Amino acid sequence: RESYLSSSTSFQQTIAARGTGSSNFPVSFYVKPSIKPKVVWETTVTKPTAVLAGQRLERWTKDRFKAYVAARDGTIRIIDTSSIMKRNSWERLGELGVIGSFNVGRNPVSMCFARRGDSKLPLLPYTSTGKQTSPDPINNLFYVAVRGDRKVVAAVTFNGSGAVYRTIKDKRMGDPVAVSTAVRGPIVSVADFRGKKVLSFRVGPLVDARHNKTYGAGADGKAPFELAGILPFSGYPFLINSTNVN
């Protein structure tokens with residue numbers, strides 16, 4: 001905020017000051033200690049393997065800002081981060097700390113947000129009209145690569161409770177070490193380390209609005225997922241991410 005937006009010339013000055021010296025941009029914590037991150041809370045986790053932090057709440061959500069820490073034994077700890085993330089009056093406020101946990105399987109090593117909502121989910125409450133409240137796809141809906149059990153699961157949390165609502169297990173996916181979701185469609189991609197490949201799975205319907213048709217996963221259109229493709233590598237993929245750039 002200060003380096004780019006504090007004045008009409010701050011952006012140009014920041015770009016001009018780029019370099020590898022400690023006083024160049026970005027300056028070191030030693031030169032400018034005020035920008036050093038501050039530890040506001042900590043907890044002990046045995047053999048932690050992955051972390052994920054919520055970024056945005058939907059306007060009519062009943063949930064709160066949360067973060068997640070995975071451990072090798074399969075436990076996902078749910079952390080209430082509302083006290084450091086709350087920006088609007090309608091957002092819930094709680095105390096920073098672990099508010100619950102649930103298990104997804106042996107050795108979960110990667111987590112990513114779903115990016116889009118889903119329906120008929122466990123845990124989420126219903127309104128007085130019988131409609132289920134919407135999830136927060138960049139806060140309480142996420143995918144986990146569970147390396148020990150050779151699977152990828154989708155999880156939903158509400159307050160301090162969590163549950164797995166979809167499991168992707170395929171004999172062609174032997175060593176899932178990283179997971180990512182697409183921006184523009186219901187696609188989950190997985191890095192298979194020892195298999196030296198990336199696999200993609202379709203996990204939701206594709207809608208052809210022009211012809212008023214919907215295509216579900218699987219041969220009958222009712223499967224929970226289907227293989228969308230495999231990309232082989234000569235090396236060992238260990239991270240994966242995707243973005244949409246127009």
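Everything below is about the structure shown above.
From a predicted model like this one, the values you see are computed outputs, not experimental measurements. (Residues numbered from 1 in each chain as written. Predicted model: local features only at pLDDT ≥ 70, side-chain atom pairs only at ≥ 80, totals over all residues. Heavy atoms only, no water.)

### Some details on the overall build of the protein chain
Logical step 1: Assigned secondary structure in the protein chain consists of 3 helices and 14 strands.
Logical step 2: C-alpha extents for the protein chain along the principal axes are approximately 60 × 55 × 50 Å.
Logical step 3: Contacts in the protein chain between residues far apart in sequence, at least 24 positions, make up 56% of those at least 6 positions apart.
Logical step 4: When the accessible surface of the protein chain is totalled, it reaches about 14,800 Å², and 52% of it is carbon and sulfur.
Logical step 5: Across the protein chain, 36 positive and 17 negative side-chain charges occur, with their mean positions spaced 3 Å apart. (Helix = DSSP H or I, 4+ residues; strand = E, 2+ residues; numbered from the N terminus. Contact = heavy atoms within 4.5 Å. Areas by Shrake-Rupley, 256 points an atom, 1.4 Å probe, with all protein chains shown as cover. Lys, Arg positive; Asp, Glu negative; His and termini not counted. Charge placed at Lys NZ, Arg CZ, Asp CG, Glu CD.)

### Description of the sheet that holds strand S2 (residues 66-71)
Logical step 1: Read from one edge of the open sheet, 4 strands run S1-S2-S3-S4, paired in antiparallel fashion. Edge positions in the sheet fall to strand S1 (48-53) and strand S4 (97-103), since each of these pairs with one other strand and no more. On average, each strand axis in the sheet is inclined to that of its neighbour by 20°, with strand direction left out of account.
Logical step 2: When S1 meets S2, the two strands line up antiparallel, connected through 5 bridges. Bridge pairing in S2 places proline 48 opposite alanine 71. (Pairing = 2+ DSSP bridges. Axes fitted to C-alpha atoms, helices over the stretch in contact; angles between N-to-C directions.)

### Examining the sheet that holds strand S9 (residues 176-181)
Logical step 1: An order of S9-S10-S11-S14 is seen for the 4 strands of this open sheet, with the pairing classed as antiparallel. Of all strands in the sheet, those bounded by a partner on one side alone are S9 and strand S14 (226-232). Neighbour-to-neighbour, the strand axes of this sheet turn through a mean angle of 20°, independent of strand direction.
Logical step 2: Examined bridge by bridge, S9 and strand S10 (residues 187-192) share 5 bridges and lie antiparallel to one another. Each residue of the ladder has a partner; that of valine 179, found in S10, is valine 190.

### Description of the pattern of salt bridges
Logical step 1: Taken as a whole, this structure holds 10 salt bridges when the rule is applied.
Logical step 2: One salt bridge connects arginine 106 with aspartate 149, and the closest N-O pair in it is separated by 2.7 Å. On the criterion of sequence distance, the pair formed by arginine 106 in the loop between S4 and strand S5 (108-113) and aspartate 149 in the loop between strand S6 (141-146) and strand S7 (151-158) is long-range, its members being 43 residues apart.
Logical step 3: Overall, the relative accessible area of 52% leaves arginine 106 in the exposed class.
Logical step 4: Three or more residues are tied together by salt bridges with common partners; here these are Arg106, Asp149 and Lys151. (Salt bridge = Lys/Arg side-chain N within 4 Å of Asp/Glu carboxyl O. Buried < 20%, exposed > 50% of the residue type's maximum accessible area, 1.4 Å probe, protein only.)

### Description of unusual backbone geometry
Logical step 1: Residue phenylalanine 25 is joined to proline 26 through a cis peptide bond whose omega torsion reads 0°.
Logical step 2: By the secondary structure assignment, proline 26 is in the loop between helix H2 (10-16) and S1.
Logical step 3: Positive phi outside glycine occurs at lysine 47, with the angle close to 55°.
Logical step 4: Tracing the chain through its elements places lysine 47 in the loop between H2 and S1.

### Looking at the side chain of threonine 133
Logical step 1: Mapped onto the fold, threonine 133 is located in the loop between S5 and S6.
Logical step 2: Threonine 133 gets classed as buried once you look at its relative accessible area, which sits at 10%.
Logical step 3: If we skip the residues at most four places from it in the chain, threonine 133 touches Lys62, Leu124, Pro125 and Thr127.

### Details of the nonpolar core
Logical step 1: Counting 21 residues, the largest nonpolar core has Tyr143, Val152, Ile168 and Val179 as its most contacted members.
Logical step 2: Of all the secondary-structure elements, those providing two or more residues to this core are S6, S7, strand S8 (161-168), S10 and strand S11 (197-202).
Logical step 3: Ranked by residue count, the leading element in this core is S7, at 4 residues. (Core = buried A, V, L, I, M, F, W, Y, C linked by side-chain atoms within 4.5 Å.)

### Some remarks on the environment of asparagine 244
Logical step 1: Secondary-structure assignment places asparagine 244 in the segment after S14.
Logical step 2: Along the chain, asparagine 244 and arginine 184 lie 60 residues apart, while their C-alpha atoms are 7.3 Å from each other.
Logical step 3: Among all residues touching asparagine 244, those that are not within four sequence positions of it are Val183 and Arg184.

### Describing the side chain of threonine 157
Logical step 1: For threonine 157, the position within the fold is in strand S7.
Logical step 2: The buried category is assigned to threonine 157, whose relative accessible area is 0%.
Logical step 3: A polar contact of 2.8 Å, which involves the side chain of threonine 157, links it to the side chain of tyrosine 68.
Logical step 4: Among all residues touching threonine 157, those that are not within four sequence positions of it are Asp63, Lys66, Tyr68, Ile78, Phe102, Leu123, Leu124, Asn140, Phe142 and Gly162. (Polar contact = N/O pair within 3.5 Å; in protein donor to acceptor, adjacent residues only side chain to side chain.)

### So, a nonpolar patch on the surface
Logical step 1: Residues Val40, Trp41, Ile84 and Val98 make up a contiguous nonpolar surface patch of roughly 350 Å² in combined accessible area.
Logical step 2: Here tryptophan 41 is to be found in the loop between H2 and S1.
Logical step 3: On the basis of relative accessibility, which here comes to 31%, the residue tryptophan 41 falls in the partly exposed class. (Patch = residues over 30% accessible without salt bridge, like charges linked within 9 Å, V, L, I, M, F, W, Y side chains within 5 Å.)

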